[in-house]
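# Examination of the molecular architecture
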Amino acid sequence: MKKKISIMLVTILVLMSAMPLMSFGAAQDETILKIGVKQEPDSLNPFVSWEMASFEIFMLTYDSLVKFDRNYEVVPSLATSWELSDDQLTWTFHLRDDVKWHDGEPFTSADVKYTYEAFQESEMGMYYTSLGGITAIETPDDYTVVISTDSPKANMLQNVTPILPAHIWQDQPLDSIADFEDTAMVGTGPFKFVSWDMNQQVVLDRNPDYFGQPANVDHLIYVIYANNDTMVQAIQNGEIDVALELDYVDIKSALSNENITDYAYEENGFTELAFNQSEWSGNFNQLIQNKMIRQAISYAIDKQKIVDLVYDGSSTIGSTYIPPSQGEWHYAVEGDKLRGYDPEKAISLLESEGFTSVDADGYRSNDSGDKLSFLLLSRSDNTSEVKVGQMVQSYLKAVGIELNIETVDDGVLYDRTMGEKDYDMFIWGWGGDIDPTVLLNVLTTDNIDNLNDIFYSNPEYDAIVEAQTHEMDRAKRVEMVHEAQALLYEELPYDILYYAENHQLVRNDLITGLTPTVSGAVFFANTIVNYADATFITEAAESSMNSSAPAENTADSTPAESESESDGGGSSGLVIAIVVIVVIGGGFFIWQRNKSKKANENQKNEW
Amino acid sequence: MKENQFIKQFLKNKMGVVGFSMLVIFILIALFGPMIVQYDPQVFGERADVLNPPSAAHWLGTDDLGRDVFKALIAGSRVSLIVGVAATFISMFIGTSVGIFSGYLGGKTDNVLMRITDVFLVLPWLPLMLVLAALLGSNIWNIIFVIGITGWAGTARIVRAQTLTEKERQYIERSKSFGASNLFIIWHHIFPNVFPLVFANTILVTATSILSETTLSFLGMGDVSKPSWGTTLHFAFESGALSNKAYWYFMPPGVCVLLLVLAFTLMGFALDEIVNPKLRQR
C-alpha cells in the first residue's frame, strides 16, 4: 500500500515539475516574452470585466477605432481618419478595408455598430461609460461609420472600446451576454488569445497578419504570481523577462542587479478609503454616512507616515480624485481647504457632532448611545493595503474611533460591496484612462450596480460630470473636471489615501526596444506600443539565456507528456494538488482503519 | 493508576520531562511576558526604523512597520497558545462526545457517526480550513472554530475504540442491572476511564492546532489585529524579508512555532506511552 502511494506521489511530482513548460518546449527558436504580473484577469468578457489585467489583454487581442501612442496622442487604428461636423454633433470615421478577424472573416463597419450598440444597451462593463451621449450609429458603407451624439462629445477620441466581431457575438441575447464565453477570443489585434490557466498564466500568440506593426516576439505569456517576492526572485533568475506592478519595497533587492532596468512611474490611479454610501439596510453603521465624521476620519489619518512606512516614502499622498499623473486634469487643493494630518481637528469635529462621551477603551459615542465603531474590509492578497488598514486602525483609535478589520479576498470583497453591503469602509484602488471621464463616471448615479462600488449618488456631481463630456473647449472642461473633484473632496465618499508609485522591471540583457510612455510606464500604460517594439537581444543570446530554464525542464519529461499537459489546460495545478491531498488523506484513512481494525482484533483476542 | 504513580512514570520519561519544561517556559512567557514587555501592534516606528537588524534597543531588530520583533514575538506567544488550546478544546469536545456515543450506543448511531467521522478524516483539511476561513472572515474566534471543527475526527476514532473495550466490562453490566441510565454510565464510568487517553490525545492535537493556526495565518487568513507567530511570518514573507535577508524577522517566530509544537509532541508521546498499555514499557 505504502509503496503504491509513494510511486503515485513521485509520478505526480514529476508531472508537476513539467507543468510550467507549455507546448513551446519543442520549438525553442521561437521567442517567448514572459511578463510577471500580480493580477489575474477577472474575466475575458469585455461586458463583465473591469480589472486592469483584462483591459491590457483586450488592448492586445482587440482594436479600437483610434488608440494612443507613446505620448498619449490619438493615432489611427481601425479608423484611418475621422471628421467632426460643424455643429460638433456628428462624427464620421473612415475604417481600414484590409483588416481581418483572427478567424479570417473581414472586419466591417457592422462590427463597430454592433459593439457600440451592445455596450450601450447592456449598460455593462468598464467601456459602457465612455460611450455616453451617442444617440445613433449609421453605416453608409462597409468602411464608414457615422456616429451622432445629442450634444458635443468631448471624449469621443479618447474612447478605446474594443471592437468585437459581430459575426460571433451578435447572436447572443444581451440580457445573458455576461455568461457568453468567446473561448477563442476572436479579435483583430496584434496578439491572438491561446489559453488562460487560472492562477498560472495567460498565453497569447503573435498575429502575423496584423494590419499595424506586428509584434517581434512570437509568444507572450503573462505569468501570474501570488507573491511579489517570488516574482522579483523569478526575474532575477531569468524565469521571466519583465515584472510588473511592484512596489519600491519589493524591488529594493533587485536594484543592484545590473541586468535589470527599473521603470518607476506614478500610477494613473489611486488607493482610497471608501465609505459605504448605500441606502441603509441595517447591515452597517449608518454614522459613516455623516459627512463630518468622514472628514474627521480624513483628518485623523497621517497619510505621509503611511506612505513613508508602507511604501518607503516612494508614493505621493492622496488628495483629490483625478491623480496628478493626469496633468492638468488633477485638481490641487490649496490653502486651508486641504485636509492635512490634524488629530485635534478630527476630535473637535467629532465633539461638535455630539460624540463627547468616551468609554474605558477610549472610544467615543454620542448621547443616544451610537458608538463610533466601524468595520473595514481590506484585500488579503495585497499586503501593502493590509498594512495601511492596520495604520488607519491605529490613527482612528487615537481620536476615539474603533475600527475592526477583516481581510478578505477580492471576490469576497466584491460580493460584499455589491451585494450584502455589510461593511462601513474598505480599501481598494482605481486605475484611470487617459481621459478623466471614465474615472469620474465611477461615482455617478448612473453607475450604481456597475462600477459605483459604494452606491454614491449626488445629482450635483452627476450634472457636472455629464456637462464636462459635452464641453469642447478644453480649458473650460478642465475647469469643470476640477469642480467635480472639489465637490468629491468636500463630500468625501472616497478618502484618497495615496497615488502609489509603481515599478516595472525589465531584463535589459534579454529585451531591448522598450521606451517608456509619457507616464513613465512601459506596459500597462494605456498603449500597446511596447508590446510591438519588444525585441529579444539576439537570437543566439536569447536561445542560450532565455530558454535555458524551460530547456532544463524538457529534459525531465518526454514531449508527449508536455503536450498532454498543455492540452489539459484549465487549473490542472489545483486539480493535481487536490489529487495529492485526497491520495494522502485516503491513505491515512485506510491506514487508520487498518489500525483500528487491528485494535479491534486485538481486543477480540483478549476476550 | 494512582496519581503519584503517574507522576513517577512521567518523570522517568526523559522525552516527556523535556517537553514539559519547554511548555512551562512558553506558558510563563505567554502569561507574564506581555505584562513585562509592553507591545502595541498599533504603534509604528519612523521611516528609519523599518527592517533594522538586531541592536541593543531592539533585541531582535524591527519589522516592516518599524515595530520591535522581540516584543511582537512575546505578544504573539499568547495568541498562538490561546488559539491552539481553544481550538483543541473544541476538537476534543466533539471528538470525545462522538467517540463515546458512537462506541457506547453502537448500532445505527455508531454507523452514522462513524461515517461522518470518516468524511472528516478523508476531507483535505487545509483546503477545507482555507475555504471556511475565507467564508467566515478572519477574526480570532472564526479561526478557533475552523481549526476546532476540522480536527476532531482522529480523536473520535481513538475514543470509540477505547469505549468499545470499556463497555464490555462487567461493572457496566452491573450498573445497568441496577437501572443506571445510559447517560449516567457514560458520565460516571465510561468517561473517567477513557479520560487518560483523551488527555494524552489532547496534548498531541494541540500541537496540530498550533501548526494549523500558523498555517492559516501564514497564508493570510489570520486575524491581523491580534498578530500571532503565523501572522508575523506572513508579513515577513510578504514584505520581502527573505529576499532582503532580514533573518531576524522570520527566524524567531519560525523557531518558536517549532519549539512549541515540539514541546507538545514530546509530552504527547510520553503521556501516550504511560496511558496506552500497549506502549507502556515494563
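None of these values were measured; they are calculated from a predicted model.

### Topic: the sheet that holds strand E7 (residues 144–149) of chain A
Residue and element names in this part refer to chain A.
- Strand order in the open sheet formed by 4 strands is E4-E5-E7-E6, with antiparallel pairing between adjacent strands. Looking at strand neighbours, the two that pair on one side only are strand E4 (79–84) and strand E6 (134–141), the edges of this open sheet. Sheet twist, expressed as the average angle between the axes of neighbouring strands with direction ignored, equals 20 degrees.
- In this fold helix H3 (residues 109–122) packs onto strand E5 (90–95), E6 and E7, with an angle of close to 165 degrees to the strand it touches most, E6.

### Observations concerning the confidence of the model for chain A
All names here are of chain A.
- In the predicted model, chain A carries a mean pLDDT of 84, and the fraction of residues at 70 or more is 84%.
- Contacts for the low-pLDDT stretch residues 540–574, under 50 throughout, to residues beyond four places or in other chains number 39 contacts.
- Here residues 596–607 scores under 50 on pLDDT; set against residues more than four positions off or in separate chains, the count is 7 contacts.

### Some points on the sheet that holds strand E13 (residues 269–275) of chain A
Residues and elements named next belong to chain A.
- What the 6 strands build is an open sheet, ordered E14-E20-E13-E19-E17-E18; its pairing is mixed. At either end of the open sheet lies a strand with only one pairing partner, and these are strand E14 (316–317) and strand E18 (402–408).
- On top of the sheet, helix H8 (residues 303–310) reaches E14 and strand E20 (494–499); it is set at about 40 degrees to E20, its chief contact.
- Relative to strand E19 (residues 425–431), helix H11 (residues 410–420) is tilted by about 105 degrees, and along the sheet it contacts strand E17 (373–379), E18 and E19.

### Let's talk about the UniProt feature "transmembrane region" (unreviewed entry) in chain B
- As annotated in UniProt, the feature "transmembrane region" (unreviewed entry) corresponds to residues 16–37, 81–105, 112–134, 140–159, 180–211 and 247–271 of chain B in the numbering used here.
- Secondary structure across residues 112–134 of chain B comprises 91% helix and 0% strand; the distance between its end C-alpha atoms is 29 Å.

### Regarding the pairing of E18 of chain A
- Among the 7 residues in E18 of chain A, 6 count as buried, and that is most of the element.
- A crossover connection joins E17 of chain A to the parallel E18 of chain A through helix H10 (residues 383–398) of chain A; in handedness this β-α-β unit is right-handed.

### As for the side chain of Ser54 of chain A
- Relative to the assigned elements, Ser54 of chain A resides in helix H2 (residues 52–61).
- Ignoring any residue separated from it by four or fewer positions in sequence, one finds Ser54 of chain A in contact with Pro41, Asp42, Ser43 and Ser49 of chain A.

### Points about the UniProt feature "domain: ABC transmembrane type-1" (unreviewed entry) in chain B
- When the UniProt feature table is mapped to this numbering, "domain: ABC transmembrane type-1" (unreviewed entry) covers residues 77–268 of chain B.
- In this annotation, residues 77–268 of chain B is assigned 83% helix and 0% strand; the end-to-end C-alpha distance for the span is 20 Å.

### Digging into the pattern of salt bridges
- Inspection of the entire model under this criterion finds 26 salt bridges over all chains.
- Across the salt bridge formed by Arg115 of chain B and Asp118 of chain B, the nearest N and O atoms sit 3.0 Å from each other. Within this pair, Arg115 of chain B and its partner Asp118 of chain B are both found in helix H4 (residues 107–122), separated by 3 residues, close to a single helical turn.
- A relative accessible area of 43% means that Arg115 of chain B is categorised as partly exposed.
- On the basis of relative accessible area, Asp118 of chain B is assigned to the buried category, the value being 10%.
- A salt bridge links Arg169 of chain B to Glu166 of chain B; the nearest nitrogen and oxygen atoms lie 3.5 Å apart.
- Given a relative accessible area of 36%, Arg169 of chain B falls into the partly exposed group.
- Connected through shared salt-bridge partners, Lys252, Asp308 and Asp312 of chain A together with Arg47 of chain B make up one network.

### Quick word on unusual backbone geometry
All names here are of chain A.
- Although it is not a glycine, Tyr72 adopts a positive phi angle of roughly 60 degrees.
- Here Tyr72 lies in the loop between strand E2 (66–68) and strand E3 (74–76).
- Residue classification places Tyr72 among the buried residues on the basis of a relative accessible area of 19%.
- Of note in the backbone geometry, Asp312 takes a positive phi value of approximately 55 degrees without being a glycine.
- Examined against the element boundaries, Asp312 turns out to sit in the loop between H8 and E14.
- Under the relative-accessibility criterion, Asp312 is labelled buried at 17%.

### A word on the interface of chain A and chain B
- With 36 residues of chain A at the contact, the number on the chain B side is 35 residues.
- With both chains or domains summed, chain A and chain B bury close to 3400 Å², and 55% of this area falls on carbon and sulfur atoms.
- Applying the counting criterion to the chain A and chain B interface returns 4 salt bridges.
- The closest approach of N and O atoms between Asp312 of chain A and Arg47 of chain B, which form a salt bridge, is 3.2 Å.

### A word on a negative patch on the surface
All names here are of chain A.
- A surface patch of like charges, here negative, comprises Glu123, Asp150, Asp446 and Glu466.
- Within the fold, Glu123 resides in the loop between H3 and E6.
- What makes Glu123 partly exposed here is its relative accessible area of 47%.

So, how was this worked out
- Residues numbered from 1 in each chain as written.
- Chains lettered and ligands numbered in written order.
- Predicted model: local features only at pLDDT ≥ 70, side-chain atom pairs only at ≥ 80, totals over all residues.
- Heavy atoms only, no water.
- Pairing = 2+ DSSP bridges.
- Helix = DSSP H or I, 4+ residues; strand = E, 2+ residues; numbered from the N terminus.
- Axes fitted to C-alpha atoms, helices over the stretch in contact; angles between N-to-C directions.
- Contact = heavy atoms within 4.5 Å.
- pLDDT = per-residue confidence, 0-100.
- UniProt positions renumbered as here; feature names shortened; annotations may be inferred.
- Buried < 20%, exposed > 50% of the residue type's maximum accessible area, 1.4 Å probe, protein only.
- Right-handed = clockwise from strand over helix to strand, strands pointing away.
- Salt bridge = Lys/Arg side-chain N within 4 Å of Asp/Glu carboxyl O.
- Buried area = accessible area lost by both parts, 1.4 Å probe.
- Patch = residues over 30% accessible without salt bridge, like charges linked within 9 Å, V, L, I, M, F, W, Y side chains within 5 Å.
- Areas by Shrake-Rupley, 256 points an atom, 1.4 Å probe, with all protein chains shown as cover.
- Lys, Arg positive; Asp, Glu negative; His and termini not counted.
- Charge placed at Lys NZ, Arg CZ, Asp CG, Glu CD.

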